[in-house]
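# Inside the fold
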Amino acid sequence: MATRKTPVKKATIEKISMLFTYRRLTDLLKASGLDKNKNFVNDLIHVQFQIYMLDAYLESQWELNKKEIATLWKPIRESLSTMGYSKKKIDKLVEEIEAYEKIERNCRDNKWPTKESMKKFYTTKSCDVRLIRHLIYKAEPKLEDMWKESSWKYYDIITEINDDVADVQEDINTFNGNRFLISILRKGTDKTRKEYMEYLTQITSDAAEYFTERMDRGKNKQLAAWIAARAKETAKLIETQTDPKMLDRLSDSLLLTQMK
């Protein structure tokens with residue numbers, strides 16, 4: 001048993017490192033100087049690690065055990081308690097993680113993520129990233145002078161879409177509530193591509209409008225550039241991942257076996 005746990009934990013820590021870099025949490029830590037506070041950084045990693053443990057259970061099991069879920073929630077709450085948050089505050093901090101867990105559980109009742117709007121689904125799905133970012137902003141409120149915490153919403157949605165699209169092949173072997181994959185399975189490739197490209201165009205336009213009026217504030221020019229780059233990458237990825245050659249294996253999806 002011990003020989004299995006070490007590589008699994010190492011892989012998860014590497015996944016967290018990649019997440020923090022891609023979602024620009026590492027940039028926030030550096031900009032605030034909090035990257036030098038190793039205890040704080042380790043606390044953030046621990047919070048994300050425990051959330052990933054819950055994710056891993058939800059993705060690997062179709063029949064869910066309430067006691068097992070409760071067991072996995074305990075260290076999430078404890079990791080926030082260790083950072084000094086009260087029970088009342090923790091309840092508030094994890095509300096959206098609970099909301100996303102409900103979306104995942106709803107799949108078991110034939111209520112699929114495609115029934116949720118793109119905005120609502122991908123905002124909710126970015127709950128873990130927004131939690132970590134919020135903890136950083138709480139530790140260093142002066143970050144608001146560089147980027148308003150709320151201004152990351154466009155980056156979060158676009159990168160969450162990117163994750164779903166990039167992971168479509170990987171997720172056929174799991175029960176992950178990958179909205180992009182589920183949309184292809186339920187609506188077909190053409191409708192899915194159209195819906196995603198139209199929404200991506202819309203949110204990119206909304207972001208451009210938002211930042212045009214605020215470009216000279218703090219480091220908004222940098223964030224606007226990051227958003228534009230991620231949007232361009234995601235649009236290209238959608239086209240690549242909906243190529244017929246990439247879709248051959250989707251019929252083997254574990255989720256397809258559970259759809260009614």
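See the structure printed just above.
In what follows, the accompanying structure is described.

The rules behind each value
Residues numbered from 1 in each chain as written. Predicted model: local features only at pLDDT ≥ 70, side-chain atom pairs only at ≥ 80, totals over all residues. Heavy atoms only, no water. Salt bridge = Lys/Arg side-chain N within 4 Å of Asp/Glu carboxyl O. Helix = DSSP H or I, 4+ residues; strand = E, 2+ residues; numbered from the N terminus. Buried < 20%, exposed > 50% of the residue type's maximum accessible area, 1.4 Å probe, protein only. Phe/Tyr/Trp six-rings, centres within 6.5 Å; stacked < 30°, edge-to-face > 60°. Lys NZ or Arg CZ within 6 Å of the ring centre and 35° of its normal. Core = buried A, V, L, I, M, F, W, Y, C linked by side-chain atoms within 4.5 Å. Contact = heavy atoms within 4.5 Å.

Going through the model one piece at a time under the given rule, you end up with 21 salt bridges. Among the salt bridges present, the one from Lys36 reaches Asp35, with a minimum N-O distance of 4.0 Å. We note a salt bridge from Arg133 to Asp156, for which the minimum N-O separation is 2.8 Å. Pair noted here: Arg133 is in helix H8 (residues 127-139) and Asp156 is in helix H9 (residues 153-166), with a separation of 23 residues, a long-range link. Residue Asp156 is classed as buried on the basis of its relative accessible area, which comes to 1%.

Okay, the packing of aromatic side chains next. For any two aromatic rings, the description comes down to two numbers: the centre-to-centre distance and the angle of the planes. In the structure shown here, the tally under the stated rule is 13 aromatic pairs. Measuring from ring centre to ring centre gives 5.3 Å for Trp62 and Phe175, while their planes differ by 50°; the resulting arrangement is tilted. Here Trp62 is found in the loop between helix H3 (38-60) and helix H4 (66-82), whereas its partner Phe175 is found in the loop between H9 and helix H10 (179-187), with 113 residues between them in sequence. Phe175 matches Trp62 in its accessibility class, with the two residues each being buried. Ring centres of Tyr210 and Phe211 lie 4.9 Å apart, and the angle between their planes is 85°; on these two criteria the pair is classed as edge-to-face. Phe211 carries the same exposure label as Tyr210, and that label is buried. Put simply, the rings of Tyr100, Phe121, Tyr122, Phe180 and Tyr196 touch in pairs and so form one group of aromatic residues. The ring of Tyr52 is capped by Lys15, whose NZ or CZ atom sits 4.3 Å from the centre of that ring.

A separate point is the nonpolar core. Formed by 77 residues in total, the largest nonpolar core has its most connected members in Leu44, Leu135 and Ile136. The biggest single contributor to this core is H3, with ten residues. Here Ile136 is in contact with Leu25, Leu28, Leu29, Leu34, Phe40, Leu44 and Leu143, once residues within four sequence places are set aside.

Glancing now at the environment of Leu255. Following the sequence through the fold, Leu255 ends up in the segment after helix H12 (220-241). Residue classification places Leu255 among the buried positions, given a relative accessible area of 0%. Setting aside anything within four residues of it in sequence, one finds Leu255 in contact with Trp62, Trp112, Thr174, Phe175, Asn176, Leu181, Ile182 and Leu185.

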